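The lines below spell out each chain.
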Amino acid sequence: MSRIRVLPEILANKIAAGEIVERPASVVKELVENSLDAGARRVRVDLESGGLRLVRVVDDGCGMGRADLLLALVPHATSKLRELEDLEHIASLGFRGEALASIASVARVRVVSRERESGAGLGHELRAADGRIEGPHEAGAERGTLIEVRDLFHSTPARRAFMKTPAYELARCLDLFQRIALAHDGVAFQLTHDGRRVLDVEAGMDLVERVRRIFGGELADALVPVAAAEGGLRLSGYVAPPRLSRRDTARTMWFLNGRPLKDKLLLRILKEAYRGFDDTGRTPVAFLRLDLDPAQVDVNVHPTKSEVRFREERRVFAFALGALRAALARADLATPGARFAPVAPPAGLAAAPSAPILPFSIAPARPEPAPPRSPTSAAAPITPPAAAPPITPLAAVSALGSVPDACVQIAASYIVRALPDGFEVIDQHALHERITYEELRAELARGALEVQRWLVPELVELSRAEVALLASWSAELARAGLLFEPFGDTTIAVHALPARLARPRPGAIARDVAAFLEDAERSPGPEDVLEAALQRAACRSSVMAGDVLSLQEMQALLERGRALESDQTCVHGRPTRVRFRLADLERAFHRR
Ligand code: ADP
Ligand code: MG
């Protein structure tokens, strides 16, 4: 007798189940996907004990007749694939025919189903536990399918031991359910836990309404639409401004042809799109649908199908990146002022409840001519602060609201600008930094950066390691207009910097770039170094908080900001401006 034996089917299924059914959330995923494949318009999920005791999915889909039920729990039995070629263009969520068989091998399963065509109330019921199937027999049933999965892993204690608390398992189920609910407009979803309603979305709700229901109004109101199509590729959905980015990925969703994915490539595209908008390492919040010909993508890479392989990866990358960058550039990324103008005064103001929220009062506008604006001011670099005459608050305040860029400087750090429907407070350093960075980028895109060579190089003292690092990246740094040369072991000679930098501080730039190179976890790529160099140069050459600016200087700054594709966040992803709309003011003054 041979030592090698073919495993009994139940044992083989249990082993296969390990890949598909990891925890209650996997059961929810497989069952709800089956409901959607069955054309359901309404899907309800009932959980008990985080799904450990019960996962029940009820749908109004096409249902199964007696003959189908006999096969539903058999491994590799599916209605979604017939021949080999079908694997090349999979449009359904399921296709492997493994889920129900796997689930039935590690839990007690009951299926009640009635086909669409079947007579009133007439359906069938099937039960399965530990590999034994009972039925199907006739049973009263609603149209559609009900599947109950009880006591997951009851017969495999080793697996059961890996389950966490019901609260944790519920959170995992909910995360999954939310993703599916966001991916499928036109379908109503409902989730209950231990008899209590947890989540409800109606069939008629669109993506934004679903986001509002699931994650609240602040996020829904801030969403920026994305829409692009090109040669069979379609991207639609929403991204959130960088200030809403998160440390986790709970609000980052890609749907590929309706399938929620956690694909590395797609996540990389998203992070790349936010480069320069948010470099805090957090994950952008986004709800994005990518649709393409199913033949262009292989979804059969992983048993849970959460990763895919694109046939034309580069094309997908370039297309999606372009669409996302365009959306972000158009977006209003200003932080809304409403959050800072609460009806109750914030803690810092509590001592003086009658104090105005802003440290200046708005006088009635006098009809005063606008200060002259030099036509070349847009291109003129900011002059050093010493030359700037102090602004009298009165002159600036009286200009508020009468000309497009009526503005006033606060605490030598912020510019307050009147808008037709409110006003905005601009962080002068953040804005100048963004402008400088964008202008450097634009110059680079047109060819090479114009540099300013110095007759006498500036010498900067650094550590040996810093000097060595800067020297080893000198080619990339030169592309960014930073001409550094080692000058002895612990000194670097700065020969040139980009001509555009208004107030360059060579020492600070060199030290910042060296710090970046030292901190980089892995060896950075040439593009990362170029990016870091441009950012540091922009940061260390901009007006600082504390620099007094003349009205003309402020207006020149705002004018240059307007000419850019995006001036709404600084290169570190902090907002450049906070906007107070009329509605915020009315709320602050208890007018509504
Ligand atoms: P797959 O989804 O990969 O085909 P499953 O094991 O998940 O494999 O399901 C097996 C088959 O059972 C499906 O192909 C489908 O025909 C049928 N089925 C499962 N769930 C439902 C449902 N909710 N409504 C109608 N048919 C279903
Ligand atoms: Mg399935």
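For the structure, see preceding data.
Reading the values: the criteria
- Residues numbered from 1 in each chain as written.
- Chains lettered and ligands numbered in written order.
- Predicted model: local features only at pLDDT ≥ 70, side-chain atom pairs only at ≥ 80, totals over all residues.
- Heavy atoms only, no water.
- Helix = DSSP H or I, 4+ residues; strand = E, 2+ residues; numbered from the N terminus.
- Buried < 20%, exposed > 50% of the residue type's maximum accessible area, 1.4 Å probe, protein only.
- Areas by Shrake-Rupley, 256 points an atom, 1.4 Å probe, with all protein chains shown as cover.
- Pairing = 2+ DSSP bridges.
- Axes fitted to C-alpha atoms, helices over the stretch in contact; angles between N-to-C directions.
- Contact = heavy atoms within 4.5 Å.
- Expected span 1.5 Å × (residues − 1).
- Core = buried A, V, L, I, M, F, W, Y, C linked by side-chain atoms within 4.5 Å.
- Arc of directions from axis to C-beta.
- Salt bridge = Lys/Arg side-chain N within 4 Å of Asp/Glu carboxyl O.
- Phe/Tyr/Trp six-rings, centres within 6.5 Å; stacked < 30°, edge-to-face > 60°.
- Lys NZ or Arg CZ within 6 Å of the ring centre and 35° of its normal.

**Let's talk about the overall build of the protein**
- Of the regular secondary structure elements, the protein holds 18 helices and 23 strands.
- The buried share of the protein, taken over its 592 residues, is 49%.
- Element-wise, carbon and sulfur atoms account for 55% of the exposed surface of the protein, whose accessible area totals about 28,400 Å².

**With respect to the sheet that holds strand β21 (residues 483-486)**
- Here three strands make up an open sheet; going across it, the order is β20-β22-β21 and the pairing antiparallel. Each of the sheet's edge strands pairs with one partner strand only, and the pair in question is β20 (451-461) and β21. With direction set aside, neighbouring strand axes in the sheet form an average angle of 20°.
- Relative to strand β22 (residues 491-498), β21 runs antiparallel, the two being bridged by four bridges. The residue bridging Phe484 from the neighbouring strand is Val494, located in β22.

**A look at the environment of Phe487**
- Positionally, Phe487 belongs in the loop between β21 and β22.
- Exposure remark for Phe487: the relative accessible area of 46% places this residue in the partly exposed category.
- Note: C-alpha distance between Phe487 and Glu461 (26 residues apart in sequence) is 9.5 Å.
- If we ignore the near neighbours within four places in the chain, the residues touching Phe487 are Leu459, Ile492 and Ala493.

**Overview of the pairing of strand β8 (residues 196-201)**
- Two strands pair when backbone bridges link them, and strand β7 (residues 188-193) and β8 are joined in this way by five bridges, in the antiparallel orientation. Looking at β8, one finds that Gln190 is bridged to Asp200.
- Hairpin connection, β7 to β8: the antiparallel pair is bridged by two residues, and Asp194 has positive phi, about 45°.

**Considering helix α17 (residues 551-562)**
- With twelve residues, α17 extends 17 Å from end C-alpha to end C-alpha; this agrees with the ideal 16 Å at 1.5 Å per step.
- For α17, every residue scored as buried is listed here: Leu551, Glu553, Met554, Gln555, Ala556, Leu557, Leu558, Arg560 and Gly561.
- Tucked inside the fold, the buried residues of α17 contact β17 (407-410), β18 (414-419), β19 (422-427) and α12 (428-446).

**A short note on the sheet that holds β17**
- The five strands lie next to each other as β16-β23-β19-β18-β17, forming an open sheet whose pairing is mixed. The open sheet has two free edges, formed respectively by β16 (335-336) and β17, since each of these has just one partner strand.
- Of the strand pairs in this sheet, β17 and β18 are connected by four bridges, and their pairing is antiparallel. Pairing of Gln409 across the sheet is with Ile415, part of β18.
- Of the strands in this sheet, β17, β18, β19 and β23 (577-581) touch α12, which is tilted by about 75° from β19.
- Strands β17, β18 and β19 of the sheet are contacted by α17, whose axis makes an angle of about 105° with β17.

**What to know about the nonpolar core**
- Counting 63 residues, the largest nonpolar core has Phe189 and Phe287 as the members making the most contacts within it.
- The residues contacting Phe189, other than those within four sequence positions of it, are Val32, Leu36, Val43, Phe177, Ile180, Ala181, His184, Leu199, Asp200, Val201 and Arg210.
- Membership of the second largest hydrophobic core comes to 34 residues, among which are Val224, Ala273, Tyr274 and Phe277.

**Remarks on helix α9 (residues 264-273)**
- Of all the positions in α9, only Leu265, Leu266, Ile269, Leu270 and Ala273 are classed as buried. Taken end-on, α9 shows its buried residues confined to a sector of 140°, consistent with a single buried face. Summarising the geometry of α9, the exposed residues directed more than 90 degrees from the buried face are Lys264 and Arg268.
- Buried residues in α9 make contact with β10 (233-239), β11 (252-256), β12 (259-261), β13 (286-291), β15 (309-310) and α10 (313-330).

**As for the pattern of salt bridges**
- Counted by the stated rule, this structure contains 37 salt bridges.
- A salt bridge links Glu272 to Arg275, with the nearest nitrogen and oxygen atoms 3.2 Å apart.
- The exposure class of Arg275 is partly exposed, given its relative accessible area of 22%.
- In this structure, Arg577 engages Glu424 in a salt bridge whose closest nitrogen and oxygen atoms are separated by 3.0 Å. Within this pair, whereas Arg577 is found in strand β23, its partner Glu424 is found in strand β19, the two being separated by 153 residues in sequence.
- Arg577 gets classed as buried once you look at its relative accessible area, which sits at 4%.
- Here the salt bridges do not stand alone but share partners, grouping Arg44, Asp46, Arg56, Arg110, Glu125, Arg127, Glu148 and Arg150 into one network.

**Thoughts on the packing of aromatic side chains**
- This structure, assessed with the given rule, holds three aromatic pairs.
- Ring centres 4.9 Å apart and planes at 10° place the aromatic pair Phe423 and Phe580 in the stacked group. Note that Phe423 is positioned in strand β19 and Phe580 in strand β23, a separation of 157 residues in sequence.
- Between the NZ or CZ atom of Lys164 and the centre of the ring of Tyr168, over which it lies, the distance is 4.5 Å.

**Description of the pairing of β19**
- For β19, the buried fraction is high: five of the six residues fall into the buried class.
- Where β18 lies against β19, six bridges are found, and the strand directions are antiparallel. Residue pairing across strands places Val416 opposite Val425, the latter belonging to β19.
- If you look at the hairpin formed by β18 and β19, you'll find two residues sitting between the two strands.
- Where β19 meets β23, five bridges bridge the pair, whose relative direction is antiparallel. Its bridge partner lying in β23, Gly422 is registered against Arg581.

**Here we look at the environment of Leu333**
- Secondary-structure assignment places Leu333 in the loop between α10 and β16.
- Between the C-alpha atoms of Leu333 and Thr569, which are 236 residues apart in sequence, the distance is 7.0 Å.
- Not counting residues up to four positions away in its chain, the partners in contact with Leu333 are Pro241, Pro242, Arg243, Phe277, Leu328, Gln568 and Thr569.

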